[in-house]
Amino acid sequence: MLEPRRIAARSVAERLAEQFNEPVGMTVGYRMRAETKVSAATRLEVVTEGILTRMLQQDPELSGVSLVILDEFHERSLQADLALALLLDVQEGLRDDLRILVMSATLDNQRLSALLPDAPVIVSEGRSYPVTRSYHPLSPHQPFEQSVASAVLQLLQQETGSLLLFLPGVGEIQRVLSQLEGKVNDDTLLCPLYGALSLSEQRKAIAASPAGMRKVVLATNIAETSLTIEGIRLVVDSGLERTSRFDPKNGLTRLITQRISQASMVQRAGRAGRLEAGVCWHLLSQEQAERAREHGEPEILHSDLSGLLLSLLQWGCRDSSQLHWLDNPPQPALAVAESLLLRLRALDDNQQLTARGWQMAESGSEPRLAAILYSGKEKCSAQEQDRAALFTAAKLVAILEEPPRRGQPDLLYWMTANQRHWQQRTNQLIRNFTKKREGTSHPNHPRLDLVPELLVQGFPDRIAKNRDNLGRFQLANGLGVALEREEPLSAETWLVIPALQQGKDHPDARVLLACPLDIEQIIKQFPLLFTEQTAVEWDDSKGALRAWKRLQCERLIVKAQPLAKPSAAELQQALLNWVRQEGLSVLNWSAEALQLRIRLQRATEWLPGVAWPAVDDAALLNSLEQWLLPALGNVGDLKGLRQIELSSCLMGLLDWQQRQILDNELPTNYTVPTGSRITIRYFSDKPPVLSVRMQEMYGEQQNPVLAKGRIPIVIELLSPAHRPLQITQDLAAFWRGTYREVQKEMKGRYPKHLWPDDPANTPPTRRVKKYQT
């Protein structure tokens, strides 16, 4: 039976065991990270998400298992979606007798039935009590925590029984708790409940109140499902939750606060009706509640998928579309995941798992943390000092799995702390990774000197360089991060930063945990993380080109050494790089070059049968080596760059046949009846225009056309003084119609010029009457 959270898994197992009048570990047991209670008598095993995935990977047939229950499936956690996809694959290829039961009080039955057409839908009303739900929007003129505390105190005065308050996160729990302290009656206990609390504190929140006491449990959505908190008949729902959003662009996951779904509102209200009739106040308007989405958004659509991809590759699935999903994993996030696994050396260039990748997958940890564990194991040998490397790596991973919620960000400080839960997890990780039984001796002191290099193994993109000695750093991937200015780490030149929090109101992510870095040592240990390149760049401050030899870690410049004289090739590449950085507008675009670009753009539109080169800004910037580089032979500075005639460069993109077609079908000039070659003006958003004096068009009976007759030219007929008289795309119609009015007016204004009655059949002229024969 899969339960999404450890506290729920333990609680469910204890509740069911109680029904059998047995201790946990007999008929009903549980298995989770760092804790297992099962025996040979166990018939129902409650497991957490990572455990089920590992069981499937180790034994795809699930020998000895006849039924897998996915509980609270409405939460649509990433691991639950993965488990369902793998289980369906097992059913299809290995175990057609394996049964799958998907459960929740608020399932999206329509979508599940589409994915599982043969599965019956069973509705069990169970035993519940009526809950009176009402809506109480918070005052916009009061701080959030004050408004919530006021609602809690009001409901406590009106009703009897204990109260469960849902808040989005730990910060809000602590602030509302401080508002309630001293204001509740002496018979009321205040109990926070969230995942990072100790087991004893969690049990205190869940257990029944002492006789004659009531309690207020301040919880995150950890209490939304699977938990029965004794004595609760009142619920106050803030209507908010905190969830994570992975950004594939920068590889960071940020926390956002958002409205919960209607399904979550039902779940929260239901907590009040487990043991007796209850009351639920939703701290939002009924209209807001009705506008909320029906179900929560699946984690798979906005999560880091590196762990999922590693699991798929371990399963033997290189294409996620081969499995059956309720929501397919997004391709952009999968591409970012693949890039990270390559960087962690879990994949080779053929996208196959390496030996390192297989061990990382079998560790059950997230890929970055698994890379740290593998690196610690690699350093182990028979010598005691070296065997301390795995202990150091395991403790580091234990801390990063459950980081401290407050306090200083220096990771080395926490490595020397003796937190009991970190110590237990450290020992378990060592046993899991080395396959050694409990009781096997190993060092129990970390080597702090190994911490930086171990972190680099898992977080190579999180190497950071100080930008200003004010706590602002730049990561190797280009992202800006910040420490509090008074933090000692803010004075370090280099850090590696495994834990960050991306805020919505600040451009720099906040550093949660970091470790100082000796960059010279990292260069020696991990030379492949660094690249050496020669760059020639325009120095705006000096108004000249300068050449540099640089050692870089992705976007960070580690060392820079000036060079005296760049080679011609380096100089040319620098000029191209400068154009890419500044944009095409820095080049000298003559009227001829601009017209050629437009002609090529219109040729793509009007003559689609020819493979014309793309000449939009993005395409030209991407192909500078093809069209601009050949003209840089004798160019040594920006002045020379700006003297290049770009029309001849662009012509280099065309072969001989394309040039012939362009000149014939979209010519630069049109020969009018007098023999004059008049320039055709092309536009990107309107038809081409020919501006010509009317007398020179006499004898032209049909409107000129371009592009194999598809595009009529707009004729702008001018007066003898080159003033516009008429614009037409149908010259024959103009001669027959509107010309009469123009003729009448022009005879009076220009009597020395020819204004015939039949212009379509009159020889053209450039002269006035007295020079005509």
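What you see is a predicted model, and the numbers here were worked out from it, not measured in a lab.

How should I be thinking about the overall build of the protein in this particular structure?
The secondary structure content of the protein amounts to 27 helices and 29 strands. In terms of overall dimensions, the protein is more spread out than a globule: its C-alpha atoms have a radius of gyration of 37 Å, far above the 28 Å expected for 773 residues. The principal-axis extent of the C-alpha atoms belonging to the protein is close to 125 × 65 × 60 Å. With 773 residues in all, the protein has 49% of them scored as buried. For the protein, long-range pairs separated by at least 24 residues make up 64% of all intrachain contacts whose partners lie at least 6 apart in sequence. When the 89 basic and 91 acidic side-chain charges of the protein are each reduced to a single mean position, those positions are 5 Å apart.

So what exactly am I meant to see when it comes to the side chain of Thr762 here?
Within the secondary structure, Thr762 is located in the segment after α27 (739–749). Using a relative accessible area of 13% as the deciding quantity, one classes Thr762 as buried. Once residues within four sequence positions are removed from consideration, Thr762 is found in contact with Tyr698, Gly699, Leu754 and Pro756.

Got a minute to help me understand the sheet that holds strand β29 (residues 724–728) in this structure?
To summarise the sheet geometry, strands pair through backbone hydrogen bonds and adopt either a parallel or an antiparallel arrangement. What the 5 strands build is an open sheet, ordered β23-β24-β25-β28-β29; its pairing is mixed. Here the strands that pair on one side only, and so sit at the sheet edges, are β23 (669–671) and β29. Going across the sheet, the axis of each strand differs from the next one's by a mean of 30°, ignoring polarity.

Please clarify how the packing of helix α3 (residues 78–93) against helix α10 (residues 306–315) should be interpreted in this entry.
Two quantities define a packed helix pair, namely the angle between the axes and the distance from one axis to the other. Viewed as axis vectors pointing N to C, α3 and α10 meet at an angle of 15°, and their least axial separation amounts to 11 Å. Between α3 and α10, the crossing angle belongs to the class labelled roughly parallel. The two elements α3 and α10 meet at a crossing, and its hand is right-handed. Two secondary-structure elements touch here, α3 through Leu78, Leu82, Leu86, Asp89 and Val90 and α10 through Leu308, Ser311, Leu312 and Trp315. When the residues that make up the contact of α3 with α10 are grouped by side-chain class, the tally is 7 nonpolar, 1 polar and 1 charged.

Looking at this structure, I do not really get the nonpolar core. What am I missing?
Most often, soluble globular proteins have nonpolar side chains that are buried together. Of all hydrophobic cores here, the largest spans 95 residues; its most connected members are Leu70, Phe73, Ile372, Leu396, Leu400 and Leu455. Filtering out sequence-adjacent residues up to four positions away, Leu455 remains in contact with Ile372, Leu396, Leu400, Leu411, Val496, Pro498 and Cys515.

Whenever I open this one, the environment of Arg31 confuses me. Can you help?
Here Arg31 shows up in strand β2 (residues 28–32). Here Arg31 falls in the partly exposed class, since its relative accessible area comes to 29%. In this structure the C-alpha to C-alpha distance between Arg31 and Leu52, which are 21 residues apart in sequence, comes to 9.3 Å. If we skip the residues at most four places from it in the chain, Arg31 touches Thr36, Val38, Glu45, Val46, Val47, Thr48 and Ile51. For Arg31, the side chain forms a polar contact with the side chain of Glu45, separated by 2.5 Å.

Teacher, can you tell me more about the packing of aromatic side chains here?
Pairs of aromatic rings are described using the distance from one ring centre to the other and the angle between the two planes. Scanning the model with the defined rule gives 7 aromatic pairs in all. Aromatic side chains Trp589 and Trp627 sit 6.4 Å apart centroid to centroid with 40° between the ring planes, which places their arrangement in the tilted category. Taken together, the residues span a long stretch of sequence, with Trp589 in the loop between α19 (568–582) and α20 (591–606) and Trp627 in helix α22 (residues 624–627) at a distance of 38 residues. In this structure, Trp589 and Trp627 share a single accessibility class: buried. What links up through ring pairs into an aromatic cluster is the set Tyr698, Phe734, Trp735 and Tyr739. Over the face of the ring belonging to Trp589 we find Arg597, whose NZ or CZ atom lies 4.9 Å from the ring centre. Stacked on the ring of Phe683, the Lys or Arg Lys686 has its end atom at 4.5 Å from the ring centre.

Help me understand the sheet that holds strand β9 (residues 188–193) in this model?
Taken together, the 6 strands give an open sheet; going across it, the order is β7-β14-β11-β8-β10-β9, and neighbouring strands pair in parallel fashion. Each of the sheet's edge strands pairs with one partner strand only, and the pair in question is β7 (131–135) and β9. Neighbouring strand axes in the sheet, compared pairwise and without regard to direction, differ in orientation by 15° on average. Along the sheet, helix α7 (residues 199–206) contacts β9 and β10 (214–219); its crossing angle with β9, the most-contacted strand, is approximately 130°.

How do you make sense of the packing of helix α2 (residues 49–58) against α3 when you look at a structure like this?
The geometry of α2 relative to α3 is characterised by a closest axis approach of 10 Å and an angle of 25° between their N-to-C directions. Comparing their axes, α3 and α2 come out roughly parallel. The chirality of how α2 crosses α3 is left-handed. For the pair formed by α2 and α3, the contact residues are Glu49, Leu52, Thr53 and Leu56 on the first element and Gln79, Ala80, Leu82, Ala83, Leu86, Leu87 and Val90 on the second. The residue makeup of the contact of α2 with α3, split by class, is 8 nonpolar, 2 polar and 1 charged.

Whenever I open this one, the state of the cysteines confuses me. Can you help?
Simply put, disulfide is the name for a covalent bond between the sulfur atoms of two cysteines. In the structure shown here, the tally under the stated rule is 0 disulfides. Note on Cys191: no disulfide assigned, nearest cysteine sulfur contributed by Cys280 at a separation of 19 Å. For Cys191, a relative accessible area of 2% translates into the label buried.

Teacher, can you tell me more about the environment of Gln726 here?
Relative to the elements of secondary structure, Gln726 occurs in strand β29. If we ignore the near neighbours within four places in the chain, the residues touching Gln726 are Ile715, Glu716, Leu717, Phe734, Thr738 and Val742.

I'm lost on helix α11 (residues 331–343) in this one. Help?
Because each turn of an α-helix spans 3.6 residues, side chains separated by three or four positions end up pointing in the same direction. Taking 1.5 Å per residue as the helical rise, α11 with its 13 residues ought to reach 18 Å, and the 18 Å between its terminal C-alpha atoms agrees with that figure. What α11 keeps buried is the set Ala333, Leu334, Ala337, Leu340 and Leu341. In a view along the axis of α11, the buried residues occupy a sector of 120°, so they form one face of it. Opposite the buried face of α11, at more than 90 degrees from it, the exposed residues are Gln331 and Pro332. Tucked inside the fold, the buried residues of α11 contact α10 and α13 (367–378). Directly after α11, the chain includes Arg345, whose backbone phi takes a positive value near 65°.

Would you mind showing me how to read the pairing of strand β13 (residues 252–259) here?
In summary, the side chains of a regular strand alternate between the two faces of the sheet. In this structure, strand β12 (residues 240–247) lies alongside β13, joined through 8 bridges in antiparallel fashion. When the bridges of β13 are listed, Arg245 appears paired with Arg254.

Can you help me understand the pairing of strand β8 (residues 162–166) in this one?
Within β8, 5 of the 5 residues are buried, which leaves the element mostly enclosed by the surrounding structure. Side chains of β8 alternate between two faces, with Ser162, Leu164 and Phe166 and Leu163 and Leu165 buried alike. The sheet contact formed by β8 and strand β11 (residues 232–237) spans 5 bridges and is parallel. In the strand pairing of β11, Leu165 is matched with Val236. Pairing geometry for β8 and β10, over 4 bridges, is parallel. Considered in β10, the bridge of Leu164 is made with Val217.

The rules behind these values
Residues numbered from 1 in each chain as written. Predicted model: local features only at pLDDT ≥ 70, side-chain atom pairs only at ≥ 80, totals over all residues. Heavy atoms only, no water. Helix = DSSP H or I, 4+ residues; strand = E, 2+ residues; numbered from the N terminus. Rg over C-alpha atoms; globule rule 2.2 N^0.38 Å. Buried < 20%, exposed > 50% of the residue type's maximum accessible area, 1.4 Å probe, protein only. Contact = heavy atoms within 4.5 Å. Lys, Arg positive; Asp, Glu negative; His and termini not counted. Charge placed at Lys NZ, Arg CZ, Asp CG, Glu CD. Pairing = 2+ DSSP bridges. Axes fitted to C-alpha atoms, helices over the stretch in contact; angles between N-to-C directions. Parallel < 35°, antiparallel > 145°, perpendicular 65-115°, else oblique. Left-handed = near helix turned anticlockwise from the far one by under 90°. Nonpolar A, V, L, I, M, F, W, Y, C, P; charged D, E, K, R; others polar. Core = buried A, V, L, I, M, F, W, Y, C linked by side-chain atoms within 4.5 Å. Polar contact = N/O pair within 3.5 Å; in protein donor to acceptor, adjacent residues only side chain to side chain. Phe/Tyr/Trp six-rings, centres within 6.5 Å; stacked < 30°, edge-to-face > 60°. Lys NZ or Arg CZ within 6 Å of the ring centre and 35° of its normal. Disulfide = S-S within 2.5 Å. Expected span 1.5 Å × (residues − 1). Arc of directions from axis to C-beta.

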